[in-house]
Amino acid sequence: MQIQFLFSLISRHRSGLTGFSLVIMLVTFLLQHLTSSESLAPSIAAWLALLLVWPALPPVNRQQCLILMTIGVVCVVISAGLGARIPWSSLLGNYVPLLCMLVAVSFLRLLASRSEEALPSGRRAIGSTLAAAHLLGAVLNLSILAIMGDRMARSSQLTLKQVLVIGRGFTFAALWSPFFVAMNVSLLSAPGMSFAQVFPVGAVIAVCALILSWWHLRQDAADFQGYPLNRQGLSLPVGLAALVIAAHQWSPQLSVTLLITILAPSVALALSGIRQRSSCFPAITQHVSAGLGRMGGELALFLAAGVLSVGLTLITQQTGFSLPLHHFGALEASILFPFILILAWSGVHAMISVAVLSPILLPLQPNPNMLGFMFLSSWAMGSGSSPLSGMNLMLALRYGVRSKQIWRAQAPFFLMLLPLIWAGLFWLDSYH
């Protein structure tokens, strides 16, 4: 009877308990780094959060998670049988630093502006909406899509063109923004990758993609209602990006991931307290209990991908498996990239592709900047064009546009961008 009551209690407060567990994960992770100690506490908190949220996950998410973890565990067991030592800290927490960064960045939603400024229209509105989704999304991540979409929607509906504009503006920020998990996954999965060297290449390609997007979508824009971009809206992304870059220059030994994990919640909580003293605590409580509680999908994917990546790494080392290649350069990456994009269209998240490819490609000693940029581009291009990506599913379900419509409109355009990605791969591969 007591057990039944306990399960009932957990079910009623599932979201809040999950959010609280993720906050514990974040706090213990930061304490671990500040005290230079080793602890499994952040990993245990992450798995506890997954256990709490598991019954509420969609069946597709649970199936995907179980498949990835099963493959990873089988690889670990086989490797242990061949004499490998199981690295428990990596197995349980390979991508926990990225989850901590994702939780940290989510607190920036407390600073999101909901101005009632008049909405622009026409061709110029397409430009301002692309820029707003890009620059604000580079810091606020997926939450900016809901903020912009709700502001632009008429009767809870968006036109296909509005969805395409905010979707493209947002996804291209993954090519350069240190606040995107994509950048930090790439830094982790391509050891030796330099953020300072990849950043300008990704930024230039993102600008080119935005210009091409405006050119491609500018027709029949007389009735297009967009989103305003003003100086006040730019202050948050510009200020935070400058803060991260300055902190990294001052303490280059600190990773970009760790700096963002420290700075994002610190800035968010400080500014939120200054701007809205009376409503600050209720807003934080609401974010922890509701906002973080909705991160179940990301939590499951990252923990499962971490187990898969460690398992593949161990079995690759123990069996001596290698691809029939002696070199993996820009040419090979350019050939592989379209296949990664096709996998994304079929529902295979870039996170999974990276987790599989990293341990297989690293023994070939590719240029880490080129490899990292391939991973980064896979994330940006895949999430932007796949009908099954979290971004496009959210836009489709929330604003009444079919995900298949989004794919049919986005896929040809993203294929047109492949030469830009190839150029970036060759450029980065030519510099060591």
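Here the structure is a predicted model, which means the values were calculated and not measured. Sequence order sets the numbering: in each chain, residues are counted from 1 along the sequence as written. Local features in this predicted model are restricted to residues of pLDDT 70 or higher, and side-chain atom pairs are both shown and tallied only at a pLDDT of 80 or more, whereas totals for entire chains, interfaces and linings draw on every residue. Side-chain numbers here rest on the full set of heavy atoms in the structure, without hydrogens or water.

(A) Looking closely at a nonpolar patch on the surface. Together, L331, I335, F339, I342 and F426 line one region of the surface with nonpolar side chains, adding up to about 530 Å² of accessible area. The helix and strand labels rest on DSSP assignments: H or I over at least four residues marks a helix, E over at least two residues marks a strand, and numbering proceeds from the N terminus. As for its position among the elements, I335 is in helix α16 (residues 330-345). On the basis of relative accessible area, I335 is assigned to the exposed category, the value being 52%. Patch building starts from residues that exceed 30% relative accessible area and form no salt bridge, then joins like charges within 9 Å and nonpolar side chains (Val, Leu, Ile, Met, Phe, Trp, Tyr) within 5 Å. Exposure was quantified through the Shrake-Rupley algorithm and a 1.4 Å probe, taking into account, for residues, occlusion by the shown protein chains and nothing else. In what follows, salt bridge is the name for a side-chain nitrogen of Lys or Arg lying within 4 Å of a carboxyl oxygen of Asp or Glu. Residue exposure (1.4 Å probe, protein chains only): buried if accessible area is under 20% of the type maximum, exposed if over 50%, otherwise partly exposed.

(B) Main features of the layout of surface pockets. A cavity, in this analysis, means grid points on a 1 Å lattice covering only the protein atoms where a 1.4 Å probe fits yet has no way out; a pocket is instead an open set bounded by protein on both sides within 12 Å along at least five of seven lines, and a residue lines either one if it has an atom within 4 Å of a point. Grid points are joined across faces, edges and corners, and a volume is the space filled by probe spheres set on the points. Approximately 850 Å³ is the volume attributed to the second largest pocket. Lining the second largest pocket are 34 residues, and of these F29, H33, N94, P97 and L188 lie nearest its centre. Put simply, the parts of the chain that give the lining of the second largest pocket at least two residues each are α2 (14-34), α3 (41-53), α5 (88-93), α6 (96-106), α10 (181-189), α11 (195-217), α13 (256-275) and α15 (296-319).

(C) Geometry of the state of the cysteines. Any pair of cysteine sulfurs within 2.5 Å is marked as a disulfide. Applying the stated criterion to the full structure yields zero disulfides. With no disulfide of its own, C75 lies 16 Å from the sulfur of C65, the closest cysteine sulfur.

(D) Highlighting the packing of aromatic side chains. In this analysis, rings of Phe, Tyr and Trp, with Trp reduced to its six-membered ring, are considered paired at centre separations within 6.5 Å, and the interplanar angle assigns stacked below 30 degrees, edge-to-face beyond 60, and tilted for intermediate values. Taken as a whole and judged by the stated rule, the model has eight aromatic pairs. Judged by centre distance (6.1 Å) and plane angle (80°), the ring pair of F413 and F414 falls under edge-to-face. The class for F413 is buried, based on a relative accessible area of 2%. Put simply, the rings of F172, F413 and F414 touch in pairs and so form one group of aromatic residues. Here, over-ring charges are defined by two tests on the NZ atom of lysine or the CZ atom of arginine: distance to the ring centre within 6 Å, and angle to the ring normal within 35 degrees. A cation over an aromatic ring shows up here: R168 above the ring of F413, its NZ or CZ 3.8 Å from the ring centre. Directly above the aromatic system of W215 lies the positively charged group of R218, at a separation of 3.6 Å from the ring centroid.

(E) Region of interest: the environment of L254. Turning to its location among the elements, L254 is positioned in the loop between α12 (231-250) and α13. With a relative accessible area of 28%, L254 lands in the partly exposed category. Those residues in contact with L254, other than ones at most four positions away along the chain, are H248 and L259. Contacts are assigned to residue pairs that have any heavy atoms within 4.5 Å of one another.

(F) Layout of the side chain of S128. Positionally, S128 belongs in helix α7 (residues 123-140). According to the relative accessible area criterion, S128 is buried, its value standing at 17%. In contact with S128, other than residues within four places in its own chain, are P120, Y227 and L229.

(G) Quick peek at the nonpolar core. Among the buried residues, those of types Ala, Val, Leu, Ile, Met, Phe, Trp, Tyr and Cys that are joined through side-chain atoms within 4.5 Å form a nonpolar core. Core analysis: the biggest nonpolar cluster contains 144 residues, and M25, L108, F172, F302, F373 and M374 have the highest contact counts within it. Sort the elements by how many residues they give to this core and α15 lands first, with 13 residues. In contact with F172, not counting residues within four places along its chain, are H134, A206, A209, L210, S213, F413, F414 and L417.

(H) Geometry of the side chain of S106. Structurally, S106 is set in helix α6. In this structure S106 touches H287 and L292, once residues within four positions along its chain are discounted.

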